[in-house]
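# Commentary on secondary and tertiary structure
Given next are the chains, with one letter for each unit.
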Amino acid sequence: MRIQIINPNTTSTFTERLALSAQAIVSPGTEVFATQPLLGTPSIESHTDEAWATLGVIAQVQAGEASGVDAYVVACFVDTGVAAAREVASGPVVGMTEAALFSACLVAATFSIITLPPRTLIHARRVLHECGMHQRCAGLRAIDVLVDDCCEEDNAALYKALLDEARIALREDHSEALVLGCAGLSAMVEPLQRALGVPVIDGVNAAVKMAEGLVSLGLKTSKQNSFDFPPRDLRGQWPALFA
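Residues numbered from 1 in each chain as written. Predicted model: local features only at pLDDT ≥ 70, side-chain atom pairs only at ≥ 80, totals over all residues. Heavy atoms only, no water.

### What about the overall build of the chain?
A count of helices and strands for the chain gives 8 helices and 8 strands. In summary, the chain has a C-alpha radius of gyration of 17 Å against a globular reference of 18 Å for 243 residues, a match within 12%. When the backbone C-alpha atoms are referred to their principal axes, the chain occupies close to 50 × 35 × 35 Å. Residues classed as buried in the chain amount to 53% of the 243 residues present. When the accessible surface of the chain is split by element, carbon and sulfur atoms take 55% of a total near 10,900 Å². Placing the 17 positive and 27 negative side-chain charges of the chain at their respective mean positions leaves the two points 4 Å apart. (Helix = DSSP H or I, 4+ residues; strand = E, 2+ residues; numbered from the N terminus. Rg over C-alpha atoms; globule rule 2.2 N^0.38 Å. Buried < 20%, exposed > 50% of the residue type's maximum accessible area, 1.4 Å probe, protein only. Areas by Shrake-Rupley, 256 points an atom, 1.4 Å probe, with all protein chains shown as cover. Lys, Arg positive; Asp, Glu negative; His and termini not counted. Charge placed at Lys NZ, Arg CZ, Asp CG, Glu CD.)

Structure follows, in structure tokens:
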């Protein structure tokens, strides 16, 4: 089984971190690797960033289809390009946000999301409603940290910001689990769970395990209407991106 994690931004540190984290949790016999677009944005923090990054996600899925990938994980907390990727892919495509939300609902009655930076709250709210999970979400919160700052080797300040906001969420939202709203935060899961005593969910690793399960069950993306293959191939108009 081959699973491709797609980092929709162009920051290689993120991509490397995603691969290492996933390789530690996959089952024997599963190959997991991470890629990123050739062109695009270094982080996704706006609607415009999302639009540029979606083209990169499509390009990465089409490359994966040519190399025999069985399933894909899109590692961005706003599930950038997931719908488009499902049109292009024959196998399953799992967005990290969907995976995190579904996982939270399996282990807790309610959950809070802690994302970053604050301007991305609108994106997280959109995915909540698209997944039908807004009634289970007790609180949607953000810390004032840029996505690029998650790449720092010394993440003590990031951990403290997450921990402080998490404690407020548990106290004020009365939530029973926490969802971390950014890719590349898997290293924060264990220390936060120890400190808080509640499930803390990293969407990327949750998505990797779901992708494994879907492939094992022989389930592929339905091509009945919604996610049928696109009616035209425009790769020739974007030669640099699809090189």
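### A closer look at the side chain of D202
For D202, the position within the fold is in strand β8 (residues 200-202). For D202, which is buried and forms no salt bridge, the nearest opposite charge comes from R17, at a distance of 10 Å. Here N205 takes part through its backbone nitrogen, which lies 3.2 Å from a polar atom of the side chain of D202. The residues contacting D202, other than those within four sequence positions of it, are S186 and V189. (Salt bridge = Lys/Arg side-chain N within 4 Å of Asp/Glu carboxyl O. Polar contact = N/O pair within 3.5 Å; in protein donor to acceptor, adjacent residues only side chain to side chain. Contact = heavy atoms within 4.5 Å.)

### A look at the sheet that holds strand β6 (residues 137-142)
Taken together, the 4 strands give an open sheet; going across it, the order is β6-β5-β7-β8, and neighbouring strands pair in parallel fashion. Every interior strand has two partners, whereas the edge strands, β6 and β8, have only one. Between one strand axis and the next, the sheet turns by 20 degrees as a mean value, whatever way the strands run. Both strand β7 (residues 178-181) and β8 contribute to a ladder of 3 bridges, which runs parallel. The residue of β8 that forms the bridge with L180 is D202. Packing of helix α5 (residues 121-130) onto the sheet brings it into contact with β5 (111-115) and β6, and relative to β6 it is tilted by some 155 degrees. Sitting on the sheet, helix α7 (residues 186-196) touches β7 and β8, and the angle it makes with β8 is about 175 degrees. (Pairing = 2+ DSSP bridges. Axes fitted to C-alpha atoms, helices over the stretch in contact; angles between N-to-C directions.)

### Looking at the sheet that holds strand β2 (residues 31-35)
Through backbone hydrogen bonds, the strands of a sheet pair up, either in parallel or in antiparallel fashion. If you walk across this open sheet you meet the 4 strands as β2-β1-β3-β4, and the pairing is parallel. Lying at the two open borders of the sheet, with one neighbouring strand each, are β2 and β4 (93-95). For this sheet, the mean inter-axis angle between neighbouring strands, taken without regard to orientation, is 20 degrees. Pairing geometry for strand β1 (residues 2-6) and β2, over 5 bridges, is parallel. In the sheet register, Q4 faces β2, and the bridge partner there is F33. Lying over the sheet, helix α1 (residues 12-23) contacts β1 and β2, oriented at roughly 165 degrees with respect to β2.

### Some words on the packing of aromatic side chains
Scanning all chains against the criterion turns up 0 aromatic pairs. Geometry around F227 places R86 over its ring, the cationic atom sitting 5.8 Å from the centre. One cation-aromatic arrangement involves K223 over F229; the distance from NZ or CZ to the ring centre is 4.1 Å. (Phe/Tyr/Trp six-rings, centres within 6.5 Å; stacked < 30°, edge-to-face > 60°. Lys NZ or Arg CZ within 6 Å of the ring centre and 35° of its normal.)

### Observations concerning the pattern of salt bridges
Counted according to the given criterion, the structure contains 11 salt bridges. When the shortest N-O distance is used, the salt bridge between D164 and K160 registers 2.8 Å. Residue D164 and its partner K160 are both found in helix α6 (residues 156-173); the two are separated by 4 residues, about one turn of the helix. Between E212 and K209 there is a salt bridge, with its nearest N and O atoms 2.8 Å apart. Remark: K209 and E212 occur in helix α8 (residues 203-216); sequence separation between them is 3 residues, near one turn of the helix.

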